[in-house]
Amino acid sequence: MKKVFKGIILSLLFILILNSIVVASVGIEEEVRAYLLGDYETGEILEEYNIIEPIEIASISKLMSYLIVMEHVERGLISLDDKVYIDEDVPNIKGSSLKLEAGEVFTVDELLKAALVVSANDAVYALAKYVAGTEEAFVQIMNDEAIKIGLDSAFFVNSTGLPEGDFQNKMSTEDIFKLSRYIINRYPEVLSITTIPYIELVDRDYKEENTNPLLNEIKGIDGLKTGFTNKAGHCLVSTINIEGDYIETEDLRLISIVMGTKSEEKRKEISEKLVLYGLKNYSKKILANENAPIGMVYMPKSKDKEIEIYPSKKFSKIINNGNHIDKDVLIDENLKLPLKPMDKVGKLILSINGEILDEIDLIVHKGVKKENLIIRILRSIKVFFISIFNKLYSAYQ
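Report on the accompanying structure. (Residues numbered from 1 in each chain as written. Predicted model: local features only at pLDDT ≥ 70, side-chain atom pairs only at ≥ 80, totals over all residues. Heavy atoms only, no water.)

1. Here's the deal with the pattern of salt bridges
Oppositely charged side chains can pair when the atoms bearing their charge come close.
So, point 1. Counted by the stated rule, this structure contains 21 salt bridges.
So, point 2. Lysine 266 is the salt-bridge partner of glutamate 31, the closest N and O atoms lying 2.6 Å from each other. Taken together, the positions of glutamate 31 in the segment before β1 (34-39) and lysine 266 in helix α7 (residues 264-281) put the pair 235 residues apart, joining distant regions of the chain.
So, point 3. What makes glutamate 31 partly exposed here is its relative accessible area of 30%.
So, point 4. Notably, a salt bridge pairs lysine 129 with aspartate 87, separated by 2.7 Å at the nearest N-O pair. (Salt bridge = Lys/Arg side-chain N within 4 Å of Asp/Glu carboxyl O. Helix = DSSP H or I, 4+ residues; strand = E, 2+ residues; numbered from the N terminus. Buried < 20%, exposed > 50% of the residue type's maximum accessible area, 1.4 Å probe, protein only.)

Set out below in structure tokens:
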């Protein structure tokens, strides 16, 4: 089949008006140090503000601590079931805690859950010492890991995110996004921890709620980490899974990051606003489906005349619901019959606001036979006599 498309037998323009209202900006820039809304799967950043500047990240640091511990588990150096002895240094760690006491024993798994669910600084510190011998050695591993996975702005001084004199852990919001994606991809089980509603130790009358204020507030929220210091302000990395109907849309996981609000209440309010903005304005649209015909082509020399054509592959993309999607179908005018199943007959051009997203081959799923010559002659004779009859009939009216 010739690849040159000289003519358009069929030109099909689908304009999907997904939202007739022009999408407004998020409008939270005055209330945060930075924010980001992005797609987990592709890494596409959908909305952003001040995401390049390295800023204090507080307990969001515990995401990196979690990653280091899990890598040691994966390499067989430690086990989630290992028992960690709590030494006399651990209870002295300030801030959010599991209220650990010297002489107690907890598993690595229990301490990890406390670190992510209630942001327990003492639990993270105990893990750091268990994994690396000292927190200083653990922090070196954290910084080495940051370089390894491309977090160019990251700088760690401890495992918890607490201030160390004039220094605090820092990272750009863009790198927080990269780290969050990396962890969810490599250790998706983290989401089974960050959805735990509370940590309870019955024998010591300890019960603390999950620090994520959006958990159980918005359907689909299942992570990820909060943070606060005076310099960092109140911070939250959220992630939400939006289920598609697999007819028009696919599943979509968004990551929302809000940095530096002035209060816990504002953190919840602004984070909720950013997540809901994402839900309202973005969806992962199925623009081509290899199992759904894109249209019909008229082939006068074929037996069936009208033939269904299909995209050769599936194509989905996150779309801003205020944009228009164009689908142009070009059919090769030099097609020769018969056609076999999966033969190429043209191409589908997908574009948004004039920018081409993809060009997809169009194929037939069933063989297309050439009409029998005798049948074609008889059909032509029939058409001829019907035409004569109609002219005569019109003349006598």
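There's plenty left to go through after this.
2. What about the side chain of glutamate 135?
So, point 1. Mapped onto the secondary structure, glutamate 135 falls in helix α4 (residues 135-148).
So, point 2. Notably, glutamate 135 is buried but unbridged: the nearest opposite-charge side chain belongs to lysine 129, and the N-O separation is 8.8 Å.
So, point 3. Side chain to side chain, glutamate 135 and serine 159 meet in a polar contact 2.8 Å long.
So, point 4. In this structure glutamate 135 touches Tyr125, Ala128, Lys129, Asn158, Ser159 and Thr160, once residues within four positions along its chain are discounted. (Lys, Arg positive; Asp, Glu negative; His and termini not counted. Polar contact = N/O pair within 3.5 Å; in protein donor to acceptor, adjacent residues only side chain to side chain. Contact = heavy atoms within 4.5 Å.)

3. Describing the sheet that holds strand β16 (residues 325-331)
So, point 1. Sheet architecture is open: 5 strands sit in the order β13-β14-β18-β17-β16, paired in antiparallel fashion. The sheet is open, and its two borders are formed by β13 (295-298) and β16, each paired with just one other strand. On average, each strand axis in the sheet is inclined to that of its neighbour by 35°, with strand direction left out of account.
So, point 2. As paired strands, β13 and strand β14 (residues 306-311) are joined by 4 bridges and run antiparallel to one another. Opposite tyrosine 298, over in β14, you have glutamate 306 as the bridge partner. (Pairing = 2+ DSSP bridges. Axes fitted to C-alpha atoms, helices over the stretch in contact; angles between N-to-C directions.)

4. Notes on the packing of helix α3 (residues 121-132) against α4
So, point 1. Between α3 and α4, the shortest axis-to-axis distance is 8 Å and the interhelical angle comes to 85°. Classified by the angle between their axes, α3 and α4 sit roughly perpendicular to one another. Across the interface between the two elements, Tyr125, Ala128, Lys129, Val131 and Ala132 of α3 pack against Glu135, Ala137, Phe138 and Ile141 of α4.
So, point 2. In terms of residue class, the contact of α3 with α4 is made up of 7 nonpolar, no polar and 2 charged. (Parallel < 35°, antiparallel > 145°, perpendicular 65-115°, else oblique. Nonpolar A, V, L, I, M, F, W, Y, C, P; charged D, E, K, R; others polar.)

5. Description of the packing of aromatic side chains
So, point 1. Overall, the coordinates contain 2 aromatic pairs when judged by the stated rule.
So, point 2. Consider the rings of tyrosine 66 and tyrosine 187, whose centres lie 6.5 Å apart with planes at 90°: the pair is edge-to-face. With tyrosine 66 in helix α1 (residues 62-74) and tyrosine 187 in the loop between α5 (173-186) and α6 (190-194), this residue pair connects regions lying 121 residues apart in the sequence. This pair shows no difference in class: tyrosine 66 is buried, exactly as tyrosine 187 is.
So, point 3. Taking NZ or CZ as reference, arginine 181 lies 6.0 Å from the ring centre of phenylalanine 177, over its face.
So, point 4. If you follow lysine 207 out to its NZ or CZ, it ends over the ring of tyrosine 198, 4.2 Å from the centre. (Phe/Tyr/Trp six-rings, centres within 6.5 Å; stacked < 30°, edge-to-face > 60°. Lys NZ or Arg CZ within 6 Å of the ring centre and 35° of its normal.)

Structural measurements only, silent on function.
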